Amino acid sequence: MTDLIERLRSGLPAEAVLTDPDVTDSYARDMASFCEAGAPAVVVLPRTVEQVQHVMRTATALRVPVVPQGARTGLSGAANASDGCVVLSLVKMDRILEIDAVDRIAIVEPGVVNATLSRVVAEHGLCYPPDPSSWEQCTIGGNIGTASGGLCCVKYGVTAEYVLGLDVVLADGRLLSTGRRTAKGVAGYDLTRLFVGSEGSLGVVVRAILALKPAPPRQLVLAAEFPSTAAACDAICRIMERGHVPSLLELMDRTSVRAVNELAGMGLPETTEALLMCAFDTPDPTSDLAAVGELCRAAGATEVVPAEDAAESELLLQARRMTLTALEAIKGVTMIDDVCVPRSKLAAMIDGTAEIARRYDLTIGVVAHAGDGNTHPTVCFDASDPEESRRARESFDEIMALGLELGGTITGEHGVGVLKKEWLARELGPVGIELQRSIKQVFDPLGILNPGKVF
């Protein structure tokens, strides 16, 4: 322990090495429930690539595990500390190094906050589309580590589609550059994509080249009420089948709607069984919303309300964004799943989750990035009640099993971490797991990078 601290301090500023247990314990976990976390030996906050390399060389020499971290807004335990580890927090590496409006790229350090980047590139008439719900706190490095998504995925895709190149410090301290800054490039294996979603288990991202898009017009939102989940999901299928490309297509179930009303008095319609929000950022969103409104009515919508302007649209979206906070207020603790299924199976997923909630006598609210089939069943429970906690964990597992039965995946954007690693083998199968472990061995032969996560 003493040798570790002394070696780290030899290549880092004094203020970048934290050893007070009261301080280091505050870095022990992310926002996931039911995920074990250990006590870190030390927390380091480097500001340069060279300092990250020093940390990894020291860890390799002493065979000490390293847990890379961003803002710790993750929901799978991927950033949780292990006993005696070095927590490598990258939040101080927060510079936007370059914005190129011609090549439409941004070059950033991993600690840049998603919302900060979005606002800066907007000044250049550009946008960085990935927008996780925690975009005001989460960092680009964390987004890359978990391959995160957001509300706009239905049109613009997820983080992986915007990462062109990376600088990565490997377990032994070597610096690897992957990808390119050009619009096209197919030289060699796509190592960039390999690191995206690897949850810090293959290397430490210290710089990213990100693709940007021209800033779209302000979007307009439509809200539609439905008497059943099946009717709302029928509307979703009709919208996608007809070739519409909304910038957002979100679904809130009855439980979520009532929770938001209870928390914030938003005045959402509590008689609805499912509330669908659809947005367009096209040159003529009014016309697009009118067409979608007709499809919603044909599917059985009882009410269709298009927003008149951007301010009214933002008010509607606030209700969607505060869903997690509202559900947390019910019992104080939540477990958030992110099972993704084919769009055609969305109704079966949501209705099946409701049946699981009834069977376990729990409150489970569901919101969904409906346009890409990504559901977020949120289990509300009292963590001080052992019996209710047990039921919550068992219901969570049943929800994941249901997703796989419907041809889906156990995680659409939150990652595996600690929470879902036993389910990863069920999804990938023995050959898939064997090959992925072989890849891990190539990049991290000593197994010191984020041990106990993913596998």
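None of the values given here were measured: they were computed from a predicted structure.

Student: Go over the sheet that holds strand E2 (residues 42-44) with me, naming the residues and quoting the values.
Tutor: Taken together, 4 strands build an open sheet; the order of strands is E1-E2-E4-E3 and the sheet is mixed. The strands lining the two open edges of the sheet, one partner per strand, are strand E1 (17-18) and strand E3 (66-69). With 4 bridges connecting them, E3 and strand E4 (residues 86-89) associate as parallel partners. Residue pairing across strands places Val67 opposite Val87, the latter belonging to E4.

Student: Describe in detail helix H1 (residues 2-9), supporting the description with residues and values.
Tutor: Within the sequence span of H1, burial applies to Leu4, Ile5 and Leu8. Here the buried residues of H1 occupy an arc of 95° about the axis, which is enough to place them on one side. Along H1, the residues that are exposed and aim more than 90 degrees away from the buried face are Thr2 and Glu6. For H1, the elements touching its buried residues are E1, E2, helix H3 (49-62) and E4.

Student: Which residues make up the sheet that holds strand E5 (residues 96-100), and what are the values?
Tutor: Think of a sheet as strands paired side by side through backbone hydrogen bonds, with each pair either parallel or antiparallel. Spatially, E5-E6-E10-E8-E9 is the arrangement adopted by the 5 strands of the open sheet, whose pairing is antiparallel. Looking along the sheet, the strands with just one partner apiece sit at the ends: E5 and strand E9 (175-179). For this sheet the average axis-to-axis angle between neighbouring strands, irrespective of direction, equals 10°. Of the strands in this sheet, E5, strand E6 (105-108) and strand E10 (204-211) are in contact with helix H4 (residues 114-122), which crosses E5 at around 35°.

Student: Run through the packing of helix H14 (residues 386-405) against helix H15 (residues 421-443), naming residues and quoting values.
Tutor: The interhelical angle for the contact between H14 and H15, taken along N-to-C directions, is 20°, at an axis separation of 11 Å. As summarised for this structure, H14 and H15 are arranged roughly parallel, according to the angle between their axes. When you trace H14 past H15, the crossing you get is right-handed. In this structure, H14 contributes Arg393, Asp397, Met400, Ala401 and Leu404 to the contact, and H15 contributes Glu422, Trp423, Arg426 and Glu427. When the residues that make up the contact of H14 with H15 are grouped by side-chain class, the tally is 4 nonpolar, no polar and 5 charged.

Student: Talk me through the environment of Met400; I want residue IDs and the actual numbers.
Tutor: Here Met400 shows up in helix H14. Residue Met400 is classed as buried on the basis of its relative accessible area, which comes to 1%. Once residues lying within four places of it in the same chain are set aside, the contact partners of Met400 are Asp337, Val339, Ile410, Lys420 and Trp423.

Student: Break down the packing of aromatic side chains for me, citing the residues and quoting the values.
Tutor: Per the stated rule, a full pass over the model turns up 3 aromatic pairs. Taking the centre distance of 6.1 Å and the plane angle of 75° together, the rings of Tyr128 and Tyr162 count as edge-to-face. Within this pair, whereas Tyr128 is found in the loop between strand E7 (126-127) and helix H5 (140-146), its partner Tyr162 is found in the loop between helix H6 (153-156) and strand E8 (163-169), the two being separated by 34 residues in sequence. For the pair Tyr128 and Tyr162, a shared accessibility class is recorded, and that class is buried. Residues Phe195 and Phe443 carry aromatic rings whose centres are separated by 5.3 Å and whose planes lie at 80° to one another, so their mutual orientation is edge-to-face. Here the residue Phe195 occupies a position in helix H7 (residues 191-195), and Phe443 occupies one in helix H15, the gap between them amounting to 248 residues. Overall, Phe195 belongs to the buried group, its relative accessible area being 2%.

Student: Run through the side chain of Arg393, naming residues and quoting values.
Tutor: Note on placement: Arg393 falls in helix H14. Residue classification places Arg393 among the buried residues on the basis of a relative accessible area of 19%. A polar atom in the side chain of Arg393 sits 3.4 Å from the backbone oxygen of Leu419.

Student: Got a sec to walk through the state of the cysteines? Specific residues and values, please.
Tutor: Per the stated rule, a full pass over the model turns up 0 disulfides. Take Cys278: it sits in no disulfide, and the sulfur closest to it among the cysteines is that of Cys296, at 6.9 Å. Cys278 sits in the buried class, given a relative accessible area of 0%. With no disulfide of its own, Cys380 has Cys35 as its nearest cysteine by sulfur position, at a separation of 17 Å. On the basis of relative accessibility, which here comes to 1%, the residue Cys380 falls in the buried class.

Student: Explain the environment of Arg174 to me, using residue names and the numbers behind them.
Tutor: When you line up the elements, Arg174 lands in the loop between E8 and E9. Sequence separation between Arg174 and Thr282 is 108 residues; the distance between their C-alpha atoms is 45 Å. Among the polar contacts listed, one links the side chain of Arg174 to the side chain of Asp172, at a separation of 2.8 Å.

Student: Break down unusual backbone geometry for me, with residues and values.
Tutor: Here Phe34, not a glycine, exhibits a phi torsion of approximately 60°, which is positive. Topologically, Phe34 is positioned in the loop between helix H2 (21-24) and E2. Positive phi values are uncommon outside glycine, yet Ala147 reaches one of about 55°. Note on placement: Ala147 falls in the loop between H5 and H6.

Cut-offs applied
Residues numbered from 1 in each chain as written. Predicted model: local features only at pLDDT ≥ 70, side-chain atom pairs only at ≥ 80, totals over all residues. Heavy atoms only, no water. Pairing = 2+ DSSP bridges. Helix = DSSP H or I, 4+ residues; strand = E, 2+ residues; numbered from the N terminus. Buried < 20%, exposed > 50% of the residue type's maximum accessible area, 1.4 Å probe, protein only. Arc of directions from axis to C-beta. Contact = heavy atoms within 4.5 Å. Axes fitted to C-alpha atoms, helices over the stretch in contact; angles between N-to-C directions. Parallel < 35°, antiparallel > 145°, perpendicular 65-115°, else oblique. Left-handed = near helix turned anticlockwise from the far one by under 90°. Nonpolar A, V, L, I, M, F, W, Y, C, P; charged D, E, K, R; others polar. Phe/Tyr/Trp six-rings, centres within 6.5 Å; stacked < 30°, edge-to-face > 60°. Polar contact = N/O pair within 3.5 Å; in protein donor to acceptor, adjacent residues only side chain to side chain. Disulfide = S-S within 2.5 Å.

Just geometry here; none of it tells us what the structure is for.
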